[in-house]
Amino acid sequence: MESQTFNDGLCGIYAVTNVAPPGKKPTEKLELKGKLRYAERTVGMNRFTQFMQNSVEISRVIRVPKKIEVSTQDVAIPDCGQPSSQFRVVQVQYPQGVTPGCMDISLARIEEIYAMV
């Protein structure tokens, strides 16, 4: 088993929620699900090519401990406190043979920044 450290920073994982009153135009904002330490990973050529074929540009890949549920509906903000650096979660993978249990999260930069709750 390979031992993994998470020394590159802190990442906030956010759910996109509708905060508009019932019957009103939807207003989406970010609601914090949790903060996780992360390790920066390399965006490999296979991953890069796979997503470019679908017109998705992967900006970053981070590895985080498996402590909260992360889905492709979520938004990640690495280096918490910089809300202008928001990323859409494109893919979540669970590598084998690594301790503690962790997730590799592929991220694509968001152009239109969400407001925070």
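Undergrad: Lay out the pairing of strand β2 (residues 9-18) with the relevant residues and their values.
TA: The pairing of β2 with strand β3 (residues 28-41) spans ten bridges and is antiparallel. By the bridge assignment, Ile13 is partnered in β3 with Gly34. Two elements, β2 and strand β5 (residues 74-78), share five bridges in a ladder whose sense is antiparallel. Within the sheet, the bridge partner assigned to Ile13 lies in β5 and is Ala76.

Undergrad: Run through the environment of Gly12, naming residues and quoting values.
TA: Assignment of secondary structure puts Gly12 in strand β2. The class of Gly12 is buried, set by a relative accessible area of 0%.

Undergrad: Residue-level account of unusual backbone geometry, with values.
TA: Each neighbour pair has its own omega, and for Thr99 with Pro100 the value is -5°, a cis peptide bond. Here Pro100 is to be found in the loop between β7 (98-99) and β8 (102-109).

Undergrad: Give me the environment of Met1: which residues, what numbers.
TA: Mapped onto the elements, Met1 comes out in the segment before β1 (2-3). Looking at Met1, the relative accessible area reads 80%, which means it is exposed. Setting aside its immediate chain neighbours within four residues, Met1 contacts Gly97, Val98 and Thr99.

Undergrad: Residue-level account of the pattern of salt bridges, with values.
TA: For the coordinates displayed, the defined rule picks out three salt bridges. One salt bridge connects Lys33 with Asp74, and the closest N-O pair in it is separated by 2.7 Å. With Lys33 in strand β3 and Asp74 in strand β5, the pair connects residues that are 41 residues apart, well separated along the chain. The partly exposed category is assigned to Lys33, whose relative accessible area is 36%.

About the criteria used
- Residues numbered from 1 in each chain as written.
- Predicted model: local features only at pLDDT ≥ 70, side-chain atom pairs only at ≥ 80, totals over all residues.
- Heavy atoms only, no water.
- Pairing = 2+ DSSP bridges.
- Helix = DSSP H or I, 4+ residues; strand = E, 2+ residues; numbered from the N terminus.
- Buried < 20%, exposed > 50% of the residue type's maximum accessible area, 1.4 Å probe, protein only.
- Contact = heavy atoms within 4.5 Å.
- Salt bridge = Lys/Arg side-chain N within 4 Å of Asp/Glu carboxyl O.

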